[in-house]
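The residues making up each chain are set out below.
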Amino acid sequence: MTVTAVVGAQWGDEGKGRIIDYLAQQADVVIRFQGGDNAGHTVVNDYGKHALHLIPSGIFNPDTQNIIGTGCVVNPQSLLAEMETLAAAGVSLDNLWISHRAQMVMPYHPLLDELEERARGKDTIGTTKRGIGPAYSDKAARHGLRMGDLLHPEWLESRLDQALRTVNRKIEILGGEPVRGEAMFELLMDYRQRLGERIIDTTPLLREHLARGSRILLEGQLGVMRDLDWGIYPYVTSSNPTAAYAPSGAGLPPHCLDRVIGVVKAYSTAVGDGPFPTELQDEEGRRLREIGQEYGATTGRPRRCGWFDGVAIAYAAWLNGMTGLAITKLDVLDQFETVKICVGYRLPDGEVVRDRMPDTPLLYEVTPVYETWEGWLSDTSGCRAWEELPERARAYIERIGNLAGVPVAYVSVGPAREQMFAVARG
Ligand code: GDP
Ligand code: IMO
Ligand code: MG
């Protein structure tokens, strides 16, 4: 049996979707354990190019069970749209399931997200406006609706009624138009009809898989630096993308986690606001963005780009208990004469921090301490094994593994499924 969590080790968009797609060729079950349709997990394989938002990235293997787990917030409207796109591309949805305990993103949540961002004035978070924060807030405030509520119309109606009493007051305070319950109930009945048979109690299924020794992947959304507790609060998402939450959000006992793969880009990117110590606002940053095509898979926003951050990876590796790293987008650095790695943050008082993450206000004031590496200046996109990589690229990757204190298990050199390989250890 192996249960493997695959988590983002930076600010999101590390390439988690493509790693899951690759690993899912050998997986019996893939479970998304947190987040919602704020995710944009890009997968490029025989079915074409797909940006997945809610559906687990194991969906392209027809033998894999794909579960949207309890820790997720599900927007039925966007799930149905995603299902339609995949079905049109010939992808089977027979093995797609939704935990009945997963929260529902209601039509008023994106509206609240928008109104809350507006109310923040110039101090925005830069959310994806998918209603993720408001949906998790309602979950914690205990007037959230769950996917399983769709299966119990009377219960659903009274839950909706209760939720709207608070929600509408909030909408009005923030200057929006209150929403009406009757029309919304009808919409929910439509979702019940179209999604009802996929909404299940995942526990019996997962107990059986664990007993059978199945291979299970837990798919994280975003990355540790946007974790609600461990990220750059308040510029974070409203759930926990770190591995400790993976079993809970997926619906498995914690001791069953065997491996944690941290997905990490060969440089850094972030989308949304907040401090980003290695950000490059110059020509090199623009080059990284253009060569790496760093534009959001969900919102299309240009991503902020910078050099690799060794302080963040050390923090991410320890906090997640990583057992291996998957390094993506190495090929993007192929044309750079020199590449840099941040190995410390210099605080205003001169202290250099390497093994902890300073709190958010301090992060605005740190100066990165860089190592400069000679670039390898050759095309890696055709490499299919560790030995085929240029020596300088291997040294760069080894340095990343060394800063993380974790072996490099996989390397990717292009977006397609075949442009990735496992690093064999002699
Ligand atoms: P995720 O949210 O972590 O799944 O990552 P995204 O899909 O948002 O962003 C990763 C982007 O990089 C996508 O456009 C991928 O197709 C692309 N990508 C992934 N791995 C590689 C790689 O090794 N090389 C290149 N050039 N692109 C990659
Ligand atoms: P994947 O799974 C990159 C960022 C937003 C914002 C903050 C909070 O594709 O890596 P939210 O809408 O969650 O309330 O926004 O988090 N963010 C992401 N950044 N990739 C994502 O997902 C993201 N999901 C949210 O830009 O800064
Ligand atoms: Mg993404």
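Residues numbered from 1 in each chain as written. Chains lettered and ligands numbered in written order. Predicted model: local features only at pLDDT ≥ 70, side-chain atom pairs only at ≥ 80, totals over all residues. Heavy atoms only, no water.

1. Looking at the overall build of the protein chain
1) Next: A count of helical and extended segments in the protein chain gives 12 helices and 20 strands.
2) Next: Whereas a compact globule of 426 residues would reach a radius of gyration of roughly 22 Å, the protein chain reaches 21 Å, a difference of no more than 12%.
3) Next: Taken along its principal axes, the extent of the C-alpha atoms in the protein chain is 65 × 50 × 40 Å.
4) Next: Out of the 426 residues in the protein chain, the part that is buried amounts to 57%.
5) Next: Taking as baseline every contact in the protein chain between residues at least 6 positions apart, the subset at least 24 positions apart corresponds to 76%.
6) Next: When the accessible surface of the protein chain is totalled, it reaches about 17500 Å², and 49% of it is carbon and sulfur. (Helix = DSSP H or I, 4+ residues; strand = E, 2+ residues; numbered from the N terminus. Rg over C-alpha atoms; globule rule 2.2 N^0.38 Å. Buried < 20%, exposed > 50% of the residue type's maximum accessible area, 1.4 Å probe, protein only. Contact = heavy atoms within 4.5 Å. Areas by Shrake-Rupley, 256 points an atom, 1.4 Å probe, with all protein chains shown as cover.)

2. Some thoughts on helix H3 (residues 108–119)
1) Next: In a regular helix each residue adds 1.5 Å, so 12 residues correspond to 16 Å; H3 covers 16 Å between its end C-alpha atoms and thus fits that length.
2) Next: The set of residues buried in H3 consists of Tyr 108, His 109, Leu 112, Asp 113, Leu 115, Glu 116 and Glu 117.
3) Next: Close packing links the buried residues of H3 with strand S8 (103–104), helix H4 (132–141), helix H5 (153–173) and helix H6 (181–195).
4) Next: Gly 121 occupies a position one or two residues after H3 and carries a positive phi of about 65°. (Expected span 1.5 Å × (residues − 1).)

3. Quick look at the site of ligand 2
1) Next: Near ligand 2 there are 20 residues, and of these Lys 16, His 41, Thr 128, Thr 237 and Val 271 occur at the shortest range.
2) Next: At 3.2 Å from an oxygen atom of ligand 2 is found a main-chain nitrogen or oxygen belonging to Gly 126.
3) Next: With respect to ligand 2, the side chain of Thr 128 contributes an N or O atom lying 2.6 Å from an oxygen atom.
4) Next: In isolation ligand 2 has 550 Å² of accessible area, and contact with the protein removes 98% of it.
5) Next: Of the residues in the shell around ligand 2, the class split is 6 nonpolar, 10 polar and 4 charged. (Near = heavy atom within 4 Å. Polar contact = N/O pair within 3.5 Å; in protein donor to acceptor, adjacent residues only side chain to side chain. Nonpolar A, V, L, I, M, F, W, Y, C, P; charged D, E, K, R; others polar.)

4. Details of the coordination of the magnesium ion (ligand 3)
1) Next: The magnesium ion (ligand 3) binds to the protein through Asp 13 (OD) and Gly 40 (O); the donor distances cover 2.0 to 2.2 Å. Taken together, the residues Asp 13 in the loop between strand S1 (2–8) and helix H1 (16–23) and Gly 40 in the loop between strand S2 (29–32) and strand S3 (41–45) connect sequence positions 27 residues apart.
2) Next: Classification of Gly 40 as buried rests on a relative accessible area of 12%. (Donors = N, O, S within 2.8 Å, 3.2 Å for Na, K, Ca; no water.)

5. Describing the domain arrangement of the protein chain
1) Next: Structurally, the protein chain comprises domain 1 (2–101 + 199–261), domain 2 (103–196) and domain 3 (265–422).
2) Next: Taking only C-alpha atoms into account, the centre of domain 2 sits 37 Å from that of domain 3.
3) Next: Taken together, the contacts link 6 residues of domain 2 with 5 residues of domain 3.
4) Next: When the two sides are added together, the surface that domain 2 and domain 3 hide from each other amounts to roughly 390 Å², 39% of it contributed by carbon and sulfur.
5) Next: Three residues stand out in domain 2 for area buried against domain 3, namely Gly 126, Thr 128 and Arg 130, and they jointly supply 68% of the buried area on that side. (Domains from an automatic or database assignment. Buried area = accessible area lost by both parts, 1.4 Å probe.)

6. Overview of the packing of aromatic side chains
1) Next: In this structure the tally under the stated criterion is 7 aromatic pairs.
2) Next: Between Trp 307 and Phe 336 the ring centres are 5.8 Å apart and the planes differ by 80°, which places this aromatic pair in the edge-to-face class. Of this pair, Trp 307 sits in the loop between strand S13 (304–306) and strand S14 (308–309) while Phe 336 sits in the loop between strand S15 (324–328) and strand S16 (338–346), placing them 29 residues apart in sequence.
3) Next: When the ring centre of Phe 336 is taken as origin, the NZ or CZ atom of Arg 287, which lies over that ring, is 4.3 Å away.
4) Next: The side chain of Lys 340 reaches across the aromatic face of Tyr 370, ending 5.6 Å from its centre. (Phe/Tyr/Trp six-rings, centres within 6.5 Å; stacked < 30°, edge-to-face > 60°. Lys NZ or Arg CZ within 6 Å of the ring centre and 35° of its normal.)

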